[in-house]
Amino acid sequence: MDGFPTRIGYDDAVRIVERVAAERRLGHERLAIKRVDGRILAQDLSAPIDLPAFDNSRMDGFALRHADLHPGNDTELRIVGAQFAGPLLAQALQSGQCIRITTGAPLPAGADTVVIKEETHEHDGLLTVPAGVAAGADIRRAGEDVRAGDVVLRAGSVLSPARVSLAAALGVAELEVSQRPTVAVFTTGDELVEPGLPLLPGQIYNSNRELLMGLLRAEGLEPVAWPALPDDPARIETALRDAASAFDLVITCGGVSAGEKDHLPALLGAQGEIHFWKVKMKPGMPVLFGNLDRALFLGLPGNPVSVLATFLTLGRQLLDGLQGRAEPRARRFARLTASWNKSHERLEFLRGRLQCGQDGVLGVAPNSADASHRLRAAADSDVLIVLGEGVQEFEEGSVVEVLAY
């Protein structure tokens, strides 16, 4: 195996993932609006109508003609009807009249101002309006939020509940979204036993499957877990080639290092294409990325914290690129609540827990159990702390980036 990048910097790995994902970007599909939450918008959305679509009342009160109001004294108007939210009444206001109106109700013809109910006094079908009501008060104008033709959502944006609600408010019943990748998940190793079964000496429970499946589901995907693979090259090849012919992405855990039972790099080199193998990051250095048949292949290391770190970084980047996500994920920063001595050159993703003091400053406490097999440390934490390349002493109070999970 040669001719592919190996032991590359993290930033170089990200660029390769971005390039390959862009080349393999998935297609579009049109879905009913009730099914698009969390999806990536594939086409710009232009507003088909104004929002609001008509002038309407901002408050419960009375619609009137401002010209009827006395500039320095109270004014008495006759109440001639009521306009509720819904169809607009055919009735038009005449001089000296007003109409009861509720929040969101369309403004009656002839009215140009709303006075709120609490500022008025009713008696015998008449309304007393105090002096000082401003012209155009408490009216929401048509198009003040969105004008017809405005681009309100951009392709590549994530359809959050608020964005889906905006599309619904504009009367949009369907949206064009990127297809979600189909993902096959494999764990590897003769030592793996399914939870609930007895352990023999030397065996461990298969925790990586649940970790990876949960991370993928949190991204809105519906991954398919395949049976754990033994350390048998022929059986591994058969299973992976079957999955690669039917899925967009194959993700494996374990079998990507340089041990006697780490068969995946040689398999991918012989049967597919390797884009890179090994990245200067801790944990997760042996990560493997390439193509196998019609699928992209992402081989994660076997230690559980390595699975977590490589998925949250390179795995998420790959999923975003395949779906054409254009807006970056939110970045967070916090101050270390304790010093940390980083004694190696690789970029490190250290486990930590966020804390927010009463001063509003976000802090992060590093977990001292930093080995890649220490799963409890990952469970006790809620972020990965990003420690830059190079040997460094991070003092208490240093600002660091954090990746939430």
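Residues numbered from 1 in each chain as written. Predicted model: local features only at pLDDT ≥ 70, side-chain atom pairs only at ≥ 80, totals over all residues. Heavy atoms only, no water.

A word on the environment of glycine 81
Here is step 1 of the chain: Note on placement: glycine 81 falls in strand 6 (residues 75–83).
Here is step 2 of the chain: For glycine 81, a relative accessible area of 24% corresponds to the partly exposed category.
Here is step 3 of the chain: Put simply, glycine 81 and glutamine 91 are 10 residues apart on the chain and 8.5 Å apart in space, counted from C-alpha to C-alpha.
Here is step 4 of the chain: Non-local contacts of glycine 81, meaning those with residues more than four positions away in its chain, are made with Gln91, Cys98, Ile99 and Arg100. (Helix = DSSP H or I, 4+ residues; strand = E, 2+ residues; numbered from the N terminus. Buried < 20%, exposed > 50% of the residue type's maximum accessible area, 1.4 Å probe, protein only. Contact = heavy atoms within 4.5 Å.)

Quick word on the packing of helix 4 (residues 233–244) against helix 5 (residues 264–271)
Here is step 1 of the chain: At a closest axis distance of 11 Å, the pairing of helix 4 and helix 5 adopts a crossing angle of 55 degrees. Relative to helix 5, helix 4 is oriented oblique. Note on packing geometry: the crossing formed by helix 4 with helix 5 is right-handed. From helix 4, Ile236, Glu237, Leu240 and Arg241 reach across to helix 5, where they touch Leu264, Leu267 and Gln271. (Axes fitted to C-alpha atoms, helices over the stretch in contact; angles between N-to-C directions. Parallel < 35°, antiparallel > 145°, perpendicular 65-115°, else oblique. Left-handed = near helix turned anticlockwise from the far one by under 90°.)

Focus: the side chain of serine 57
Here is step 1 of the chain: The topology assignment puts serine 57 in strand 4 (residues 56–57).
Here is step 2 of the chain: Exposure remark for serine 57: the relative accessible area of 0% places this residue in the buried category.
Here is step 3 of the chain: The residues contacting serine 57, other than those within four sequence positions of it, are Ile101, Thr102, Thr103, Gly104, Ala105, Val114, Asp138 and Arg140.

Describing helix 4
Here is step 1 of the chain: Between its terminal C-alpha atoms helix 4 stretches 16 Å, which fits the 16 Å expected from 12 residues at 1.5 Å a residue.
Here is step 2 of the chain: Among the residues of helix 4, Ile236, Ala239, Leu240, Ala243 and Ala244 are the ones counted as buried. The arc that holds every buried residue of helix 4, seen down its axis, measures 130 degrees, which confines them to one face.
Here is step 3 of the chain: On its buried face, helix 4 sits against strand 14 (183–187), strand 18 (249–253), helix 5, strand 21 (288–292) and strand 22 (295–300). (Expected span 1.5 Å × (residues − 1). Arc of directions from axis to C-beta.)

Remarks on the packing of aromatic side chains
Here is step 1 of the chain: In the structure shown here, the tally under the stated rule is four aromatic pairs.
Here is step 2 of the chain: Geometrically, the ring pair formed by tyrosine 10 and phenylalanine 349 is edge-to-face, given 5.7 Å between the ring centres and 65 degrees between the ring planes. Taken together, the residues span a long stretch of sequence, with tyrosine 10 in helix 1 (residues 10–23) and phenylalanine 349 in strand 25 (residues 347–356) at a distance of 339 residues. Of the two residues, tyrosine 10 and phenylalanine 349, both sit in the buried class.
Here is step 3 of the chain: Each ring, one from phenylalanine 276 and one from phenylalanine 289, has its centre 5.5 Å from the other, and the planes form 45 degrees; the classification is tilted. Taken as a pair, phenylalanine 276 in strand 19 (residues 273–279) and phenylalanine 289 in strand 21 lie far apart in primary sequence, 13 residues in all.
Here is step 4 of the chain: Under the relative-accessibility criterion, phenylalanine 276 is labelled buried at 0%.
Here is step 5 of the chain: The lysine or arginine in question, lysine 278, covers the ring of tryptophan 277, its NZ or CZ lying 4.5 Å from the ring centre. (Phe/Tyr/Trp six-rings, centres within 6.5 Å; stacked < 30°, edge-to-face > 60°. Lys NZ or Arg CZ within 6 Å of the ring centre and 35° of its normal.)

A few points about the pairing of strand 13 (residues 174–178)
Here is step 1 of the chain: Across the five residues of strand 13, four count as buried, placing the element largely inside the fold.
Here is step 2 of the chain: Note that strand 2 (residues 28–32) and strand 13 share five bridges and pair antiparallel. Looking across to strand 13, one finds that alanine 32 is bridged to glutamate 174. (Pairing = 2+ DSSP bridges.)

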